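Architecture and fold: a report
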Amino acid sequence: AAATSLASGGAAAAGRWARAGAPGGRRAPGATVALATMTAEPGEAMKESSSAAEGAGASSEDAWKFDLVRSVGEECQTEAELRRLIEKKPNFVLYDGFEPSGRMHIAQGIFKMINVNKCTKAGGTFIFWVADWFALMNDKMGGDMEKIQTVGKYLIEVWRASGMDMSRVKFMWSSEEISAHAEDYWGQALDVARRSTLARVKKCCQIMGRAEGSLTAAQILYPIMQCTDIFFLKADICQLGVDQRKVNMLARDYCDAAGRKLKPVILSHHMLLGLKKGQAKMSKSDPDSAVFMEDSSEDVERKIGNAYCPRVAEGVATAADSEESMRLVDDDLMNPCLDYAEYVLFSREGYVFEADGQRFETFAALRAAFLAGELDEATLKGRLVAEVNALLEPVRAHFRDNAEARGLLEKVTAWRRETLTPTSSLTHLKLPSLAEVGSPLFAVFAPLPSEDVRLSDVWAVLQRLRSAPEGHKRVLWLEDWSSRTLGCVGGDDQCIVSYYELLLHGLRSLAPELMESVLVCWQGKSILEGPNDYWTSVINAGRKCSLEDVRASLCEGESLEGASQVVAALMHVADVLALSGGGVPVSLCGDAAHEGLHALAARYIEGCGMAVPQMHTAVVSALRLQAPGDGLEADTNLCLTDRDLDINRKVKKAFCEPENADFCPPLAWADALLPVTGSFVVQRKEENGGNLSYTDFASMQADFKSGVLHPGDLKPALATAVNAALGGVRDGLKSSSALKQAQKKLEAYAKKSQKK
């Protein structure tokens, strides 16, 4: 991905989660199989080290680099991996992200500058992920991208003025990078979701006092996207705060699930306490909870002068007590003045604290003197004020003397005084191919891929397409990206595409005239026509939908276990929103697995004030050759790529009791064939009554019930009719190298799955 360096002046992821086609849902096989196409692994240039003892033989230069980088974090996962990284890849990459949303406090400014300079001094390149697109989705700065990017440039100027060494620092803007590399980014996000359980992702949600039933679906999306950032940026080290530890550890768990040997190192820095009693961290919404980078010297003196500063632990309850602590080191004292001294002052190399003739070369010595009463509160605070003001003075001077920087500050300051109201426009994917139609749409959602293209699925799609009302434009929607995140056919993109190509070939061969009138829409290609709009609509839908809403949209008997189910459900809402955004009436038609998802989308669209799509149910015959639960799936379903002998064998074994028309799969198949063949012929010897020819199902059903049509005659006739109908399909498979390759892909996947 292209990066913009500040030095050069730039600023500019039984049911849908289960096996597709399985009774009771859309469960996808091979959920842990590696994705065929994946972005490069973190530390791709670093080779796996030997099994020798950690650190053995490391040079003195590597040792001091390790110590310097390690000093940045309150925790490191893991030190052994960090040491190997520095030894094997001297030009390692670190990343942190920030959302341009307003002010910068001293932890994000001075403390971050100190940490970045340590990392770059040791040879690292530090990438700041400027999350301007995410700020836009979160309606920061009134949802105005120009204002958001201006704030981002202002924050970069603060770091420049604070003393951050910009020679090895890059700022990458999410709005530019994700848009330019949408397929890579969102493909990675879908894979993270596929390999992550919902329970694991929920651990990343720092939501105080929120029961599971009140979680929004968007709160599941955010950790998935943050995890994706790590791999998209090819970061070797995640250098964020302890508060982000859980989502960074999710990235390491993902590596285990995906079989990636090289995991990102997690280097989590300390979270500075708020200045008031009981504040576990600083808050941008409380001006007196922290020193901010644009504070005047008087502000600093007032804030630190009023700061909580105990000598003995007072058992203070903090706002973080109801959730996992923001710190990994026990600190009963919770003294923010000492916290500033340790992390803002003593984090600098070679720093010495001097006050009233006393000299402290380590924080431990300073703390001991304060607790013993050898250093009083006034002296400690007075020196803190002087030191902090000295650190902030270059920033003040830069914004006073540099015209460009001063202009940025004036804009940001003015906006801070305003009430910025987000615009109320509804964002959704716009599809030019649909905008040209002009007539009502009848959208049929194709089944999710499985290792075989079942003829029953082909016929079901044809039946649904034929059921479109007069005057409606038929649309066939292929959910290839949803299939990827749900793990259909192992989440392998090539297998998914192969399934749909074969499905389309079957549809076009069996009903060419009908398919000429059908607009086929590939979900992935449609998304890439406007990825930012599409994923914004996904996240907006997630804000309005709770996890319970998603759970209610699943098939009967399907449990909500995977993060991918949440992502796929919201993608379905975004798909329907895209179909409904053209200003014409829309009808939705799909299998049983889509009914709840259609209803979820309809409720959301109604809440947006748009015309609600109509739900259309087409009666589709059950074409499995045995009763549910009986027989092997491979033997009880006719498949598009079956040979003559396969069809003959399967039909011969089909359940077919004489005169039992209530459940007779061969009879149901004959009914399904009639719209394609026009007639159904049963060949019999003259002594058995001669041939029978049917042009309507009622006559055939009546003859079967009365015994005129016997199973022994029906089955051979059905096998002959199916093989005849598949003639064009087979001719196409023989003549097309692309279809041959698609068939081989699915067969190879099926063979591989059987070995597991």
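Here, the structure is the one placed above.
A short tour of the structure in this document, coming up.

Definitions and cut-offs
Residues numbered from 1 in each chain as written. Predicted model: local features only at pLDDT ≥ 70, side-chain atom pairs only at ≥ 80, totals over all residues. Heavy atoms only, no water. Helix = DSSP H or I, 4+ residues; strand = E, 2+ residues; numbered from the N terminus. Buried < 20%, exposed > 50% of the residue type's maximum accessible area, 1.4 Å probe, protein only. Areas by Shrake-Rupley, 256 points an atom, 1.4 Å probe, with all protein chains shown as cover. Phe/Tyr/Trp six-rings, centres within 6.5 Å; stacked < 30°, edge-to-face > 60°. Lys NZ or Arg CZ within 6 Å of the ring centre and 35° of its normal. 1 Å grid on protein atoms, 1.4 Å probe; cavity = no way out; pocket = protein on both sides within 12 Å on 5 of 7 lines; lining within 4 Å. Points joined across faces, edges and corners; volume = space filled by probe spheres on them. Nonpolar A, V, L, I, M, F, W, Y, C, P; charged D, E, K, R; others polar. Pairing = 2+ DSSP bridges. Contact = heavy atoms within 4.5 Å. Axes fitted to C-alpha atoms, helices over the stretch in contact; angles between N-to-C directions. Salt bridge = Lys/Arg side-chain N within 4 Å of Asp/Glu carboxyl O.

This paragraph deals with the overall build of the protein. The helix and strand inventory of the protein stands at 32 helices and 18 strands. A buried classification covers 56% of the 756 residues belonging to the protein. As presented, the protein carries roughly 30,500 Å² of accessible surface, and 49% of it is formed by carbon and sulfur atoms.

What follows concerns the packing of aromatic side chains. Under the defined criterion, the tally for this structure stands at 24 aromatic pairs. Between Phe 655 and Phe 663, the aromatic rings sit 5.4 Å apart at their centres with planes inclined by 40°, giving tilted as the arrangement. Members of the aromatic cluster, joined through ring pairs, are Trp 129, Trp 133, Phe 134, Tyr 185, Trp 186, Phe 232, Tyr 534 and Trp 535. Lying over the aromatic face of Phe 66, Arg 83 brings its terminal NZ or CZ to 4.0 Å of the ring centre. Directly above the aromatic system of Phe 370 lies the positively charged group of Arg 311, at a separation of 4.3 Å from the ring centroid.

Turning to the layout of surface pockets, a few remarks are in order. As a volume, the largest pocket reaches approximately 1,600 Å³. If you go around the largest pocket, you meet 46 residues; those closest to its centre are Gly 97, Glu 99, Gln 226, Asp 243 and Gln 244. Counting residues per element, the lining of the largest pocket draws most heavily on helix H9 (residues 218–232), which supplies 6 residues. Broken down by class, the residue content of the lining of the largest pocket amounts to 22 nonpolar, 14 polar and 10 charged.

What follows deals with the sheet that holds strand S16 (residues 614–615). With parallel pairing, the 5 strands of this open sheet are ordered in space as S14-S13-S12-S15-S16. The sheet is open, and its two edges are formed by strand S14 (518–522) and S16, each paired on a single side. The sheet contact formed by strand S12 (residues 441–445) and strand S15 (residues 586–589) spans 4 bridges and is parallel. Bridge pairing in S15 places Ala 443 opposite Leu 588. Of the strands in this sheet, S12, strand S13 (473–478) and S15 are in contact with helix H24 (residues 563–580), which crosses S12 at around 160°.

Looking now at the pattern of salt bridges. Pairs can form between side chains of opposite charge once their charged atoms are near each other. In this structure the tally under the stated criterion is 39 salt bridges. Close ionic contact of Glu 61 with Lys 65 constitutes a salt bridge, the shortest N to O distance being 3.3 Å. Of the two residues, Glu 61 and Lys 65 both sit in helix H1 (residues 60–70), 4 residues apart, roughly one turn of that helix. Close ionic contact of Glu 387 with Arg 383 constitutes a salt bridge, the shortest N to O distance being 3.2 Å. In this pair, Glu 387 and Arg 383 both sit in helix H14 (residues 377–401), 4 residues apart, roughly one turn of the helix. Classification of Arg 383 as partly exposed rests on a relative accessible area of 30%. Several salt bridges converge on common partners, so that one network encompasses Arg 103, Glu 294, Asp 295 and Lys 303.

Just distances and angles here, no functional claims.
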